[in-house]
Amino acid sequence: MIDIDDVAEILDKPIWRYMDLWKFERMLENNGNLFFTRADKFKDPLEGKLSEDTLKKIKKEYLLFYGKTYLENWEKLHEDSDYLEAVKRNSLISCWHINDLKNSDMWCSYTNSSQSIAIKTTVRKLYLSLNIFNSNFNINIKEISYIDFDNMVIEYNNILTPLFFKDKRYSFEKELRVIVWKRPENNILKTQLSNFDVDIGGSLQIDWENLNIDLYVHPHADNSFQEKIKNMLSNNDKFTLHF
């Protein structure tokens with residue numbers, strides 16, 4: 001099941017992925033499958049965490065609405081770092097940049113050289129491309145909210161909530177996040193997504209016909225790199241190439 005309620009108002013917004021050539025080559029070699037990274041493999045130390053103020057608010061509300069026993073059980077679970085890590089291990093993420101135009105900051109942040117490309121589609125097309133083959137997965141699509149992590153309390157709705165918030169220093173990313181996830185079952189903290197061979201992530205089959213992708217070459221790419229991309233896509237009609 002794919003949950004897109006949170007992006008209903010931006011379904012036709014353009015979204016981008018910036019990547020070095022080797023990542024694009026891997027995508028093509030892997031029959032176009034889309035790679036998702038395990039949430040615990042991101043470098044951000046605040047990834048998937050809740051601030052102390054947010055934890056205090058949750059505890060107060062749970063005590064009021066559900067009682068002391070429920071709160072104690074919740075505290076035991078969420079104060080166990082193994083559980084929090086298990087949630088991240090069982091959450092695979094694909095990150096996209098929301099923007100009408102190309103963004104130079106994203107070229108700098110997410111590629112290592114001028115031998116790189118950006119692919120562009122829309123939120124709606126991404127949803128449709130995922131929905132064809134993956135109806136049995138739990139998939140959530142939502143914009144990231146950027147906050148002052150230490151001084152802002154967030155609304156905690158479920159175990160995925162922390163994965164849709166990032167510190168405001170990353171606000172330039174304007175990130176749309178797609179999360180494929182599985183709840184850690186029966187508190188077995190080291191469970192993995194059985195559908196993936198996930199050392200660092202896994203790939204999902206997508207319908208490229210629905211994505212209707214525009215592909216842009218790095219603005220400083222030389223002629224030889226442009227020719228290389230042309231040759232790579234010479235027999236591939238799933239991409240519209242732009243220089």
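So, a few notes on the structure that sits alongside this text. (Residues numbered from 1 in each chain as written. Predicted model: local features only at pLDDT ≥ 70, side-chain atom pairs only at ≥ 80, totals over all residues. Heavy atoms only, no water.)

Looking at the pattern of salt bridges
Thinking step 1. Applying the stated rule across the entire model yields twelve salt bridges.
Thinking step 2. Close ionic contact of Asp100 with Lys13 constitutes a salt bridge, the shortest N to O distance being 3.4 Å. Of this pair, Asp100 sits in the loop between strand 4 (91–98) and helix 5 (104–110) while Lys13 sits in the loop between strand 1 (2–3) and strand 2 (14–20), and the two are 87 residues apart along the sequence.
Thinking step 3. Across the pair Arg169 and Asp44 runs a salt bridge whose closest N-O atoms are separated by 3.8 Å. Taken together, the residues span a long stretch of sequence, with Arg169 in the loop between strand 8 (165–167) and strand 9 (175–181) and Asp44 in the loop between strand 3 (34–38) and helix 2 (52–66) at a distance of 125 residues.
Thinking step 4. Here Arg169 falls in the partly exposed class, since its relative accessible area comes to 46%. (Salt bridge = Lys/Arg side-chain N within 4 Å of Asp/Glu carboxyl O. Helix = DSSP H or I, 4+ residues; strand = E, 2+ residues; numbered from the N terminus. Buried < 20%, exposed > 50% of the residue type's maximum accessible area, 1.4 Å probe, protein only.)

Comments concerning helix 2
Thinking step 1. Over its 15 residues, helix 2 runs 21 Å from end to end, which matches the ideal 21 Å to within 8%, given 1.5 Å per residue.
Thinking step 2. Of the residues making up helix 2, those classed as buried are Thr54, Leu55, Ile58 and Tyr62. Looking straight down helix 2, one finds that the buried residues subtend no more than 95 degrees of arc, so they occupy a single side. Facing away from the buried surface of helix 2 by more than 90 degrees, the exposed residues are Glu52, Lys56, Lys60 and Leu64.
Thinking step 3. Just downstream of helix 2 lies Gly67, where phi reads positive at about 100 degrees. (Expected span 1.5 Å × (residues − 1). Arc of directions from axis to C-beta.)

With respect to the side chain of His97
Thinking step 1. With respect to the helices and strands, His97 occurs in strand 4.
Thinking step 2. A relative accessible area of 1% places His97 in the buried class.
Thinking step 3. At 3.1 Å, the side chain of His97 forms a polar contact with the side chain of Asn99.
Thinking step 4. Not counting the four nearest positions on each side in its chain, His97 is found in contact with Pro14, Ile15, Trp16, Tyr18, Asn103, Met106, Phe172, Glu173 and Lys174. (Polar contact = N/O pair within 3.5 Å; in protein donor to acceptor, adjacent residues only side chain to side chain. Contact = heavy atoms within 4.5 Å.)

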